[in-house]
Amino acid sequence: MMGECRRVRMWVQVLCAHLLCGLVLTSELTFELPDNAKQCFYEDIVIGTKCTLEFQVVTGGHYDVDCRLEDPDGTVLYKEMKKQYDSFTFTAAKNGTFKFCFSNEFSTFTHKTVYFDFQVGDDPPLFPNENRVTALTQMESACVSIHEALKSVIDYQTHFRLREAQGRSRAEDLNTRVAFWSIGEAIILLVVSISQVVLLRSFFSDRKTTTTRVGS
């Protein structure tokens, strides 16, 4: 019984370690992109590595941004204008530093909040001998299933966090517009009321007439 518990604890530790390693291989960032600004990021990639770039504008303006991806020689691999979100997968054709940039230069007064996830390569196997000819044990199969389920949970959590942040931004923007509209209506109503009172008083006020005698 004690041996079985130790074995379970060992597999759990292996699972957690591989989960942490999988997270290190992913560049994930949320950053502020000011108006008339451009932000670039760089990643060293080995030839033949499969990569995925995914981005989404969380807040700001019409929730759009320009995105551009270049290889080490400056060749454009991906270019989109005014996109709210997108995903692009490619395989590196050469060794070197790849560059991907987000641009908000078309906006004159609205800054953006941009989230991106840049995945380089595939996740390493959970077990060193996972691809062996023999079948996995029941414990190993359970660990692999838990590993895949946890990765799906992380993806769903990220997706829903982005949706929540975007929805909160839209709600706050709408609340600000309604507040200013209400203040404007209150001012207009006050001005109209004062004008009506002044106008009515002018109708019913007694006009004093003066008589001037002209002496002979």
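Thresholds applied
Residues numbered from 1 in each chain as written. Predicted model: local features only at pLDDT ≥ 70, side-chain atom pairs only at ≥ 80, totals over all residues. Heavy atoms only, no water. UniProt positions renumbered as here; feature names shortened; annotations may be inferred. Phe/Tyr/Trp six-rings, centres within 6.5 Å; stacked < 30°, edge-to-face > 60°. Helix = DSSP H or I, 4+ residues; strand = E, 2+ residues; numbered from the N terminus. Buried < 20%, exposed > 50% of the residue type's maximum accessible area, 1.4 Å probe, protein only. Contact = heavy atoms within 4.5 Å. Disulfide = S-S within 2.5 Å. Core = buried A, V, L, I, M, F, W, Y, C linked by side-chain atoms within 4.5 Å.

As recorded in an unreviewed UniProt entry, the protein goes by the name GOLD domain-containing protein, listed as coming from Alosa alosa. The annotation that UniProt attaches to the protein under Sequence similarities (unreviewed entry) is "Belongs to the EMP24/GP25L family."

Caption draft 1: Here's a closer look at the packing of aromatic side chains. In total, this model carries 16 aromatic pairs according to the counting rule given. Measuring from centroid to centroid gives 5.8 Å for F31 and F102, while their planes differ by 50 degrees, and the two rings are tilted. Placement of F31 in strand β1 (residues 26-33) and of F102 in strand β7 (residues 96-103) is noted, with a sequence separation of 71 residues between them. Each member of the pair, F31 together with F102, is buried. Centre to centre, the rings of F41 and F102 are 6.4 Å apart; their planes meet at 70 degrees, and the pair counts as edge-to-face.

Caption draft 2: The arrangement of the environment of C101 in detail. Relative to the helices and strands, C101 is located in strand β7. With relative accessibility at 5%, the residue C101 sits in the buried group. Distance from C101 to D66, taken between C-alpha atoms, is 8.1 Å for residues 35 residues apart in sequence. Those residues in contact with C101 that lie beyond four places of it in its chain are K38, Q39, C40, D66, C67 and R68.

Caption draft 3: Structural view of the state of the cysteines. With the rule as written, the count across this model stands at one disulfide. A sulfur-sulfur distance of 2.0 Å marks the disulfide that ties C40 to C101. With the S-S bond torsion at 105 degrees, the cross-link from C40 to C101 turns out right-handed. Here C101 lies in strand β7 and C40 lies in strand β2 (residues 38-45), a separation of 61 residues in the sequence.

Caption draft 4: Structural detail: unusual backbone geometry. Although it is not a glycine, N36 sits at a positive phi angle of roughly 55 degrees. Of the residues examined, N36 reaches a relative accessible area of 46% and is grouped as partly exposed.

Caption draft 5: Broad picture of the nonpolar core. If you look at the biggest cluster of nonpolar residues, it comprises 23 residues, and the most contacted ones within it are I45, F100, F102, F116 and F118. Going through the elements one at a time, β1, β2, β3 (50-59), β4 (65-70), β7 and β8 (112-120) are the ones with two or more residues in this core. Once residues lying within four places of it in the same chain are set aside, the contact partners of F102 are F31, L33, A37, K38, Q39, F41, F55, V65, D66, C67, V114 and F116.

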